[in-house]
Amino acid sequence: MTLRSVILGTGSALPRRRMTNAELATMVDTSDEWIVGRTGIRERYIAGEGETTATLATDAARRALDMAGLAASEIDLIILATATPDQTFPASATIVQAALGIDDCIAFDVAAVCSGFLYGVTVADNMLRGGAAKTALVIGAETFSRILDWEDRTTCVLFGDGAGAIVLRAEESDQASGRGILASRLHADGRYNNLLNVDGGPSTTGTVGKVRMKGQDVFRHAVVNLAAVMGEVLEASGIASDDVDWVVPHQANARILDATARKLGLAPERVVVTVDRHANTSAASVPLALDTAVRDGRIQPGHIVILEAMGGGFTWGASILRY
Ligand code: ACO
């Protein structure tokens, strides 16, 4: 037996307001045809009044706790991955903690943009196996709509808002066939800051700033880096790509998903795709897609699942687990 972090529940939350490509085409010079053809995105959800990163995160966390059959008081670690916190400080994880009525636990945010959930899962996994905590909520939540330049058609059509969460618990697991996270790998390369960033911040302009991206360059790096890091977790876990039941990728662009799966020889029907409905929700996209595939019955206990993401920094990472 070995100590592993096992997913006990998943949950997600979307804002009330749905925005179609047709609606976007009334705001900037674009079309449904261009957006679907280049990205696979058909619609996204946009946070409205009273909806914030922390409120969406709290809703997703409650659903994950419900599925796990746990009370909030059993959580001793909250890691919230976000690039769009409610406030510069304190961490939005502490806002979620208070909303869930948890008086004392470890709670902090991680900032790795679209890879944030993978960073959060890896940190939580290490803390759980190291004994710092027993039961964790790992959440990815974003309101990217609030940092988009709604006059820049090259970025504003790509993103949406939402949140996803998992409950992870340290449990003794059979070495060969037991559930839990089997291997994770993370990377960052800060030389590429200028290809994808926000042009503001508390310590520079004193403003929040807007998303800026050189899309084609990001695309090229994404396919190479994601295929490489998925190869790393396959090798570290000793699992063959043929034995992978599901890949739950960061939902940036349908063409990145296809190209990455092709590079690894993974059948496209094994890739969970939600980018058509949610667009790119940054740190929320992997847990949102995971929750979708768990709740619709595709991901079953015992299945081998790879989670992967790449984002601003660049940062990128992957985890492989037996669900
Ligand atoms: N509607 C219509 N036309 C557009 C739009 C739009 N929304 N946006 C750009 N165009 C135009 C451009 O102006 C350009 O016109 P031109 O040829 O007259 O100059 C033309 O379309 C082609 O533009 P490209 O940028 O070359 O288009 P490309 O095929 O590269 O697609 C895209 C752009 C979709 C952004 C693509 O590069 C991409 O997906 N990149 C990856 C970006 C990404 O996924 N980022 C997030 C990953 S990391 C993270 O999640 C934070």
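Residues numbered from 1 in each chain as written. Predicted model: local features only at pLDDT ≥ 70, side-chain atom pairs only at ≥ 80, totals over all residues. Heavy atoms only, no water.

Caption draft 1: Up close: the site of the ligand. Taken together, 24 residues surround the ligand, and among them Thr 30, Arg 38, Cys 114, Gln 216 and Asn 253 come closest. Between the ligand and Thr 30, the relevant distance is 2.6 Å, taken from a nitrogen atom to a side-chain nitrogen or oxygen of the residue. Contact distances for the ligand include 2.9 Å between a nitrogen atom and a backbone N or O atom of Gly 215. Protein contact buries 74% of the 1000 Å² of open area that the ligand shows by itself. At the level of elements, α2 (32-39), α6 (153-156), α7 (215-237), α8 (254-264) and β12 (304-311) are the ones that each hand at least two residues to the shell around the ligand. By residue number, the principal contributor to the shell around the ligand is α7, which donates four residues. Among the residues making up the shell around the ligand, the classes are represented as 11 nonpolar, nine polar and four charged. Looking at which domains feed residues into the shell around the ligand, each of domain 1 (2-173) and domain 2 (180-322) supplies at least three. (Near = heavy atom within 4 Å. Polar contact = N/O pair within 3.5 Å; in protein donor to acceptor, adjacent residues only side chain to side chain. Areas by Shrake-Rupley, 256 points an atom, 1.4 Å probe, with all protein chains shown as cover. Helix = DSSP H or I, 4+ residues; strand = E, 2+ residues; numbered from the N terminus. Nonpolar A, V, L, I, M, F, W, Y, C, P; charged D, E, K, R; others polar. Domains from an automatic or database assignment.)

Caption draft 2: Region of interest: the pattern of salt bridges. Counted by the stated rule, this structure contains 14 salt bridges. Residue Glu 43 is joined to Arg 18 by a salt bridge in which the shortest nitrogen-to-oxygen separation is 2.5 Å. Here Glu 43 is found in strand β3 (residues 43-46), whereas its partner Arg 18 is found in strand β2 (residues 17-20), with 25 residues between them in sequence. Between Arg 191 and Asp 189 there is a salt bridge, and its shortest N-O distance comes to 2.6 Å. (Salt bridge = Lys/Arg side-chain N within 4 Å of Asp/Glu carboxyl O.)

Caption draft 3: Inspection of the sheet that holds strand β13 (residues 315-322) at higher detail. Spatially, the four strands line up as an open sheet ordered β8-β13-β12-β11, and their pairing is mixed. Bordering the open sheet on either side are β8 (180-188) and β11 (246-249), each of which pairs with just one other strand. Neighbour-to-neighbour, the strand axes of this sheet turn through a mean angle of 15°, independent of strand direction. As judged from the eight bridges shared by β12 and β13, these two strands associate in the antiparallel manner. Across the sheet, residue Met 310 finds its bridge partner in β13, namely Trp 316. Sheet strands touched by helix α5 (residues 116-130): β8, β12 and β13. Its angle to β8, the strand with the most contacts, is close to 125°. (Pairing = 2+ DSSP bridges. Axes fitted to C-alpha atoms, helices over the stretch in contact; angles between N-to-C directions. Contact = heavy atoms within 4.5 Å.)

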